[in-house]
Amino acid sequence: MADKKGWHDLMRGADLPPATSLEYKTGSWRSMRPVFDASNCIHCMICVAYCPDMAIPITKSEEGVVGKGGRLYKGAVRLETNFDYCKGCGICAQECPTKCITMIREEEAVEASTK
Amino acid sequence: MSVIKPLSGAQAVAEAMRQINPDVVVAYPITPQTPVVEYFAQFVANGLVDTETIPVESEHSAMSATVGASAAGARAMCATSSQGLALMWEVVAAVPGLRLPIVMPIVNRALSAPINIHCDHSDTMGATTIGWIQIFSENAQEAYENMFLALRLAEHKDVLIPAMVMQDGFIISHGVENVKILDDDVVKKFVGERNPDRFLLDVKNPYTIGPLALPDYYFEIKRQQEEAMENAKKIYLEVGEDLSKLTGNKYPYFEEYRIEDAAAVIIVLASAAGTAKDAIDEMRVDGKKVGLLKPKLFRPFPYKEIRDAVKNIPVIGVLDRSISFGSYAPLYTEIRNSLFELENKPKLQSYIFGLGGKDIFKNDIKQIFEELLSGKVNPEEQKYIGLRG
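These numbers come from a predicted model, not from an experiment.

**Quick notes on the overall build of chain B**
And step 1. Along chain B, the regular secondary structure elements total 13 helices and 15 strands.
And step 2. A compact globule built from 389 residues would reach a C-alpha radius of gyration of about 21 Å, and chain B, at 21 Å, matches this within 12%.
And step 3. Dimensions of chain B along its principal axes, counting C-alpha atoms only, are 70 × 50 × 45 Å.
And step 4. Taking all 389 residues of chain B together, the buried fraction comes to 55%.
And step 5. Accessible surface, chain B: about 16,600 Å² in total, of which carbon and sulfur atoms supply 52%.

**A look at the interface of chain A and chain B**
And step 1. Counting residues at the interface gives 16 residues for chain A, matched by 18 residues for chain B.
And step 2. At the junction of chain A with chain B, the criterion picks out three salt bridges.
And step 3. Summed over the shared surface of chain A and chain B, the number is ten residue pairs in polar contact (both at pLDDT 80 or more).
And step 4. Residues belonging to the side of chain A that touches chain B are distributed by class as follows: nine nonpolar, three polar and four charged.

**With respect to helix α11 (residues 303-310) of chain B**
Counting along an α-helix, one turn takes 3.6 residues, and residues three or four places apart therefore face a common direction.
Residue and element names in this part refer to chain B.
And step 1. For α11, every residue scored as buried is listed here: I306, R307 and V310. For α11, the angular spread of the buried residues around the axis is 105 degrees, confining them to a single face.
And step 2. Summarising the contacts, the buried residues of α11 are in contact with β9 (254-257), β11 (290-295), β13 (315-320) and α12 (330-338).

**Examining the layout of surface pockets**
And step 1. Of the volumes computed, that of the largest pocket is approximately 790 Å³.
And step 2. Taken together, the residues that form the lining of the largest pocket break down as twelve nonpolar, three polar and five charged.

**Re the packing of aromatic side chains**
And step 1. The full count for this structure, using the stated rule, is eight aromatic pairs over all chains.
And step 2. Here the aromatic rings of Y236 of chain B and Y253 of chain B are separated by 5.7 Å at their centres, their planes lie at 20 degrees, and the arrangement is stacked. Highlighted residues: Y236 of chain B in helix α9 (residues 218-247) and Y253 of chain B in the loop between α9 and β9, separated in sequence by 17 residues. For the pair Y236 of chain B and Y253 of chain B, a shared accessibility class is recorded, and that class is buried.
And step 3. When the centroid spacing of 5.5 Å and the interplanar angle of 80 degrees are considered together, the rings of F298 of chain B and F301 of chain B count as edge-to-face.
And step 4. According to the relative accessible area criterion, F301 of chain B is buried, its value standing at 6%.
And step 5. Taken together, F136, F298, F301 and Y303 of chain B form an aromatic cluster joined through their ring pairs.
And step 6. Sitting over the ring of Y73 of chain A, R71 of chain A keeps its end group 4.4 Å from the ring centre.
And step 7. For the cation-ring pair, R152 of chain B lies above F190 of chain B, with the distance from its terminal atom to the ring centre recorded as 4.3 Å.

**Comments concerning the domain arrangement of chain B**
Quite often, the size of an interface is put as the accessible area lost when its parts meet.
Residue and element names in this part refer to chain B.
And step 1. According to the domain assignment, chain B contains domain 1 (2-247) and domain 2 (254-384).
And step 2. Each of domain 1 and domain 2 was reduced to a C-alpha centroid, and the two centroids are 28 Å apart.
And step 3. Taken together, the contact pairs 24 residues of domain 1 with 25 residues of domain 2.
And step 4. Carbon and sulfur atoms make up 60% of the surface buried where domain 1 meets domain 2, a total of about 2,000 Å² over both sides.

**Examining the nonpolar core**
Residues and elements named next belong to chain B.
And step 1. Membership of the largest hydrophobic core comes to 100 residues, with the highest contact counts inside it found for M63, M104, I133 and F148.
And step 2. Broken down by element, the residue count for this core peaks at ten residues, all from helix α7 (residues 140-155).
And step 3. Formed jointly, this core draws a minimum of three residues from each of two domains, domain 1 (2-247) and domain 2 (254-384).
And step 4. If sequence neighbours within four positions are ignored, I133 has contacts with L153, V159, I161, P162, A163, M164, M229, A232, L297 and R299.
And step 5. Within the second largest apolar cluster, 23 residues are counted, among which are Y257, A276, I280 and V315.

**Focus on empty space enclosed by the protein**
And step 1. Scanning all chains against the criterion turns up three cavities of 30 Å³ or more.
And step 2. By volume, the largest cavity is sized at about 100 Å³.
And step 3. In terms of lining residues, the largest cavity is bounded by 15 residues, among which R12 of chain A together with R99, L100, R194 and R198 of chain B are the most central.
And step 4. Taken as a whole, the second largest cavity spans an internal volume of roughly 80 Å³.
And step 5. Considering the residues around the second largest cavity, the lining is formed by 13 residues, among which C41, H43, C44, C47 and C96 of chain A are closest to the centre.
And step 6. For the lining of the second largest cavity, the residue count by class is ten nonpolar, two polar and one charged.

About the criteria used
Residues numbered from 1 in each chain as written. Chains lettered and ligands numbered in written order. Predicted model: local features only at pLDDT ≥ 70, side-chain atom pairs only at ≥ 80, totals over all residues. Heavy atoms only, no water. Helix = DSSP H or I, 4+ residues; strand = E, 2+ residues; numbered from the N terminus. Rg over C-alpha atoms; globule rule 2.2 N^0.38 Å. Buried < 20%, exposed > 50% of the residue type's maximum accessible area, 1.4 Å probe, protein only. Areas by Shrake-Rupley, 256 points an atom, 1.4 Å probe, with all protein chains shown as cover. Contact = heavy atoms within 4.5 Å. Salt bridge = Lys/Arg side-chain N within 4 Å of Asp/Glu carboxyl O. Polar contact = N/O pair within 3.5 Å; in protein donor to acceptor, adjacent residues only side chain to side chain. Nonpolar A, V, L, I, M, F, W, Y, C, P; charged D, E, K, R; others polar. Arc of directions from axis to C-beta. 1 Å grid on protein atoms, 1.4 Å probe; cavity = no way out; pocket = protein on both sides within 12 Å on 5 of 7 lines; lining within 4 Å. Points joined across faces, edges and corners; volume = space filled by probe spheres on them. Phe/Tyr/Trp six-rings, centres within 6.5 Å; stacked < 30°, edge-to-face > 60°. Lys NZ or Arg CZ within 6 Å of the ring centre and 35° of its normal. Domains from an automatic or database assignment. Buried area = accessible area lost by both parts, 1.4 Å probe. Core = buried A, V, L, I, M, F, W, Y, C linked by side-chain atoms within 4.5 Å.

Spelled out as structure tokens, the structure:
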């Protein structure tokens, strides 16, 4: 705690600069991991809207990405989950209409990546 | 120029709010604060103020909306009594920590149970430890002027903590007396505009308000509040001097009434001080050397100043209009604490009076003085005035 500011130097009333939650990586809390199967995704944005941590990034794609049924999805498309912030709550997997998100145990994901 | 108007205490505070013309007022009506809200709502309906009033379903929401408005940058006010203060308690306790300079007139009323609508100080005495400035008013005139004092004090850059301005329920809030009202322009100039250094609607300079602060930061944030309270004590006198130039009245921490040569002194808050002054005047005619000390600023409490004022008084009676079950009464506790550093302490006696609006009469005060003058007092005993045995 010695490196933290004393009461004279803190902003008044616990006020803080904006957007400090960006520095707070909550992904370490995760015990379950959403695995996203892009080939079965229709880019409906339901997972994006439901994610309580805004941990599913989106982008605008002119050229499009290949999704369910080999179709090309243009415009707003979702990207891989941001695992810095995803807490693994599983809401995206629950809400996904095409069931293209599967929840697996975090250890399994770590084991798979180190094999 | 100022004019004399016949006003009740509630009207006088509403009149002060009209002249302050706050941006937002959110208050849920509760007896005996109701006329404050009624009169102010009339000013809004008649277009005499620019204030936005927000109808809410409870005091908890009233203070929540006031906090939101104040954090957004508005000059925001609330008003309440007793059960209302109790219901909004969760939010009331958060305001000093958020460092929002909300001014809230309070019309003191006894806390339930038993349910009661009349005056005692048990409502605000429960809120002495959470970081609000508290100013007691003896009469409608003081309640009116204390609103301006509280506003400038709360909004001062070295303070930025909220303030309660108290008056006694019914006795003052519903009793009509002559009140000297300042010109609107004079008040407007005195209170100016709220000029916050940061506020949530300043979208170009975003910041975070009300974050979580765990053991690594909470203590530090609370220490800042104590600093603000210490500053408030100094700045109270400065703002009082400014206000004095407009009203001709003085704004000390406490009023001293005929105590220079007094053999016995009563210390009492708010409207009962008026009754005590009459009793003192009559006893003085009979050659009894008696006097009064009436604290005005209750938080922060002026310990040292009161000690200096009463150090040569032989015997002091402290009258509390509230009870602190299982401990010394709230005002008595502060006076007892004030005297700790004295080698030769005055004799002390604690009295409880007026709970739930029970009247205290001039003769009660005289009897108290006689008891004090007899010297038969016990600082560890609590006596009760007007209580049936």
